[in-house]
Structure formats: structure tokens, C-alpha cells
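Each chain, written out:
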Amino acid sequence: MNISITKTTNPQVKPDSSTLGFGKVFTDHMFIMDYSADKGWHDARIVPFGRLAIHPASTVLHYGSEIFEGLKAYRRADGEVQLFRPLENIRRMNRSAVRMCLPEIPEDMALEALTTFINLEKDWVPSANGTSLYIRPFMFGNDETLGVHAVKNATFIIITSPVGSYYKEGINPVKIMIESEDVRAVRGGTGEAKCGGNYAASNRAGERAEKLGYSQVLWLDGVHRKYIEEVGAMNVMFKIDGEIVTPMLAGSILPGITRKSIIELLKSEGYKVSERLISVDELEKALEEGKLEEAWGCGTAAVVSPIGELCYKDKKFVINEGKIGEVTQHLYDTLTGIQWGKVEDKFNWVYKL
Ligand code: PLP
Ligand code: COI
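Residues numbered from 1 in each chain as written. Chains lettered and ligands numbered in written order. Predicted model: local features only at pLDDT ≥ 70, side-chain atom pairs only at ≥ 80, totals over all residues. Heavy atoms only, no water.

Enquirer: What's the story with the site of ligand 2 in this structure? I'm lost.
Expert: In the neighbourhood of ligand 2, the contacting residues comprise F22, F68, G70, Y134, R136, Y166, K194, Y199, A233, T300 and A301. A distance of 2.6 Å separates an oxygen atom of ligand 2 from a polar atom in the side chain of Y134. When ligand 2 sits alone it has 280 Å² of accessible area, and the protein chains cover 90% of it. Partitioned by chemical class, the residues of the shell around ligand 2 number seven nonpolar, two polar and two charged. Here the shell around ligand 2 spans two domains, and each of domain 1 (4-163) and domain 2 (174-338) adds at least three residues to it. (Near = heavy atom within 4 Å. Polar contact = N/O pair within 3.5 Å; in protein donor to acceptor, adjacent residues only side chain to side chain. Areas by Shrake-Rupley, 256 points an atom, 1.4 Å probe, with all protein chains shown as cover. Nonpolar A, V, L, I, M, F, W, Y, C, P; charged D, E, K, R; others polar. Domains from an automatic or database assignment.)

Here it is, written out as C-alpha cells:
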């Protein structure tokens, strides 16, 4: 693959890594590649970060043909930089592309784009505790016509942002509201694709929850409105009476890479892990019986985030006295340990640059 590189003549001063939030600062360059039905993927280039010019009729602006991914580059104590399971993101992006009628990118091409670009931006990977370089690959349909069809032209871009904690709470427990009005997805819809539209449609509930002091919403299934699905930007897991339970992948939730890794990790340690239906009633009953021991969300941006309180209609479920639980802490320590190169990577998840 031929990637042309044009370096910026105006590099920014890098921010102090102890003050980073999430996704506010961007690095000096971006990777861009175009697709057309006749040429395939072409014109791969790394250029100075800047605004895009797109046609006002571009498909993405009208019909929302957009998918994205999220992964991170981590700075190890020895100064080296590593990624976490990047092929999983590439594969999920291609599955999202199939669902949204966008073109797939051959895995080796996507990996080369990613590693070439991150190598160029390597100095931007921060080193302060808990910080990383968030990588946001995305793709959009870019036909210059108002017809509604599978697109013939698309653009793939990678941008990167040095980040700290996603939630202002950091590793402290967050409060989550169980959403009872809006739904995020149904089977056969786009819930398992990582497409922008899923997030656009979830903002109304998210805003309502935030006004009431909650960090995000926990979605229920769109049909029965009683089974737990996932949180706005993370999958969710519970420890009920010693067993780890998490909603199964049935087409409406995002197959999270953190979720998959945690399941593999816990199973290897002998925990009983079940992927199944979990109703709000079951959670309430378990809470009443003192069996709802822990709850946490998991995702690339949020890492492992303890849930201290769930609110459903007018009921409040306080979990583990609002404190981080033992398994949650263990998962946070192990996963971040592997990601930052402090814990042995028995599973071969790490990809060194
Ligand atoms: N669910 C949703 C809706 C998300 O946005 C994310 C974040 O990417 C996740 C789950 C977790 O996925 P992953 O662990 O691959 O980051
Ligand atoms: C991620 O964890 O990578 C996500 O994509 C969450 C995001 C919507 C902020």
C-alpha cells in the first residue's frame, strides 16, 4: 500500500497530559483514503489535521451513512507504544460496513493504515497515569447525489486524540439511569453496528439522564422493554450471587471488545460467566435478596467503570453501597495492566508498534 505523507509545518504544543479530558484535543495529522466503485480504495494519505470539504449533497449529510471505531494506543513504562487487539476493531468495522452498505477495507490494508499513522503520531501518546491516545477510525458514504442507495463512493479517515478519563468520576462509581421511554435498537436494526445514527438517536435520553444527575442511560430491549441491553458507550455486567452475567449478543447491542476480553479473562480464572437475558425485575429481586453484588460497565473509552447506583422510574438500586466491588477492581487492574504493559499478556492481546 502506498501512503503519501505530508507533514505539518505548524506542529502544536502538546497539552499537559495531567489535564486531558476525552476527545477535545487532536493530534497534528490525519489519515485519509478514498473509495470509489471503479477504483476501490485509493489515494491513501497522511496530511495535516484540518477541516474537510465535502459536497453539500454528500450521502452522509442526508442519510447518515457513517460508521466508526474506537481503540487506544498505550505508552508502556519502557517508552514503547502498544495497541490492544486492533484486528478486533478492524473486523468489527468491516461488519458495520456490511450492515450499512459501506465498502469493507481489507484487514491488512486497514492495519497498515493504522500502524503507519500511529507510528507517525507516536510522540502524542501521553505517559501520565491512566492516559492514552484514543484512535478514532471512521468511514462515511460520500456520493454527490440525493438518491437513496448503497454508496459508490466513501471516505475513510483516522483521527487521534490524547485522552484521560472518559467520565469525570474516573474509576469512582457512576450513577446510571435505566431508560424507560426511548429505545436504542431492535434486532434486525443497526444496534450491533457501530454507526453514528445509534448515538444520535440516544442523545435525547442521555440529556434527560444528565439533567437528573446520571452519567449515562442503560438501555432496555426495544420489544419487551424489560431486558437489559447496554449503556450509552459501554457494555454492562453484573455479579449476582457469585455469577458474572452480561446480556447476550442477539443483534441489538454492540459486541464490545472489552466485553469479549473480560469474558475470556474471567473464564480463564474459573469464574462462571453467563451471556443471557437479564430483566430489570431480576436485578431488583437480586438487590432485595442481597445478591446483586457488583455492576460495572466496560468499553474502550470508559475502560471498566463501576456502577454505584441504577435508577429505574422512581426506584433507586444502590449497589455494593455505591463502592467499587472486588471483581470490578480486579478487572480494572488486570485489563489496564495488560494495556499499559504492566501485567503479563497471556492472551496475546497486545500489538506492539
Ligand atoms: N457499547 C457501546 C454502545 C459503545 O459505544 C461501546 C464503545 O465502543 C461499547 C459498547 C464497548 O465496546 P468496546 O469495548 O469495543 O469499546
Ligand atoms: C469507545 O469506547 O471507543 C466508544 O466508542 C465510546 C464513544 C461513543 C465515546
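Further notes follow.
Enquirer: Before we go on, may I ask you to explain the site of ligand 1 in this structure?
Expert: Ligand 1 sits among 17 residues. The nearest are R92, Y199, E230, T258 and T300. Here an oxygen atom of ligand 1 sits 2.6 Å away from a polar atom, N or O, in the side chain of Y199. Between ligand 1 and T258 there is a distance of 2.5 Å, counted from an oxygen atom to a side-chain nitrogen or oxygen. Protein burial of ligand 1: of its 380 Å² of free accessible surface, 97% is covered by the chains. Here ligand 1 is seated within the largest pocket. The set of elements that each furnish at least two residues to the shell around ligand 1 consists of β11 (228-231), α6 (257-268) and β15 (292-299). Looking at the shell around ligand 1 residue by residue, the class counts come to seven nonpolar, six polar and four charged. (1 Å grid on protein atoms, 1.4 Å probe; cavity = no way out; pocket = protein on both sides within 12 Å on 5 of 7 lines; lining within 4 Å. Sits in = over half its atoms within 2 Å of the grid points. Helix = DSSP H or I, 4+ residues; strand = E, 2+ residues; numbered from the N terminus.)

Enquirer: Would you mind going over the layout of surface pockets with me for this structure?
Expert: Gaps left between atoms show up when a probe the size of a water molecule is rolled over them. As a volume, the largest pocket reaches approximately 820 Å³. The leading source of residues in the lining of the largest pocket is helix α5 (residues 203-211), at four residues. The residue inventory of the lining of the largest pocket, partitioned by class, reads 16 nonpolar, 12 polar and nine charged. One number sums up the size of the second largest pocket: a volume of about 290 Å³. Of the residues that constitute the lining of the second largest pocket, the class distribution is 10 nonpolar, three polar and four charged. (Points joined across faces, edges and corners; volume = space filled by probe spheres on them.)

Enquirer: Any chance you could explain the pattern of salt bridges here in plain terms?
Expert: Between side chains of opposite charge, a pair can form as their charged atoms come close. Evaluated as defined, the whole model comprises 21 salt bridges. In this structure, the salt-bridge partner of D34 is R45, at a minimum N-O distance of 2.9 Å. With D34 in strand β2 (residues 29-36) and R45 in strand β3 (residues 40-48), the pair connects residues that are 11 residues apart, well separated along the chain. Here the two residues D34 and R45 agree in accessibility, since each one is buried. Here E107 and R91 are joined by a salt bridge, their closest N and O atoms 3.1 Å apart. Note that E107 is positioned in helix α3 (residues 107-120) and R91 in helix α2 (residues 86-99), a separation of 16 residues in sequence. On the accessibility criterion, E107 (33% relative accessible area) is partly exposed. The network of salt bridges with shared partners includes E179, E181, D182, R204 and R208. (Salt bridge = Lys/Arg side-chain N within 4 Å of Asp/Glu carboxyl O. Buried < 20%, exposed > 50% of the residue type's maximum accessible area, 1.4 Å probe, protein only.)

Enquirer: In this structure, what is going on with the domain arrangement of the protein chain? I would like to understand it.
Expert: Many descriptions give the size of an interface as the accessible area lost when the pieces come together. Examined at the domain level, the protein chain breaks down into domain 1 (4-163) and domain 2 (174-338). Taking only C-alpha atoms into account, the centre of domain 1 sits 27 Å from that of domain 2. Taken together, the 19 residues of domain 1 in the interface contact 20 residues of domain 2. Across the domain 1 to domain 2 interface the summed buried area is about 1600 Å²; carbon plus sulfur atoms make up 57%. In this assembly, domain 1 and domain 2 are joined by two salt bridges. (Contact = heavy atoms within 4.5 Å. Buried area = accessible area lost by both parts, 1.4 Å probe.)

Enquirer: It is not clear to me how the packing of aromatic side chains should be interpreted in this structure. Could you clarify?
Expert: By convention here, two paired aromatic rings are described through the distance between centres and the angle between planes. Summed over the entire model, instances satisfying the criterion amount to 10 aromatic pairs. In textbook terms, an aromatic cluster arises when at least three aromatic residues are bridged by ring pairs, as seen for F31, Y35, W41 and F156. (Phe/Tyr/Trp six-rings, centres within 6.5 Å; stacked < 30°, edge-to-face > 60°.)

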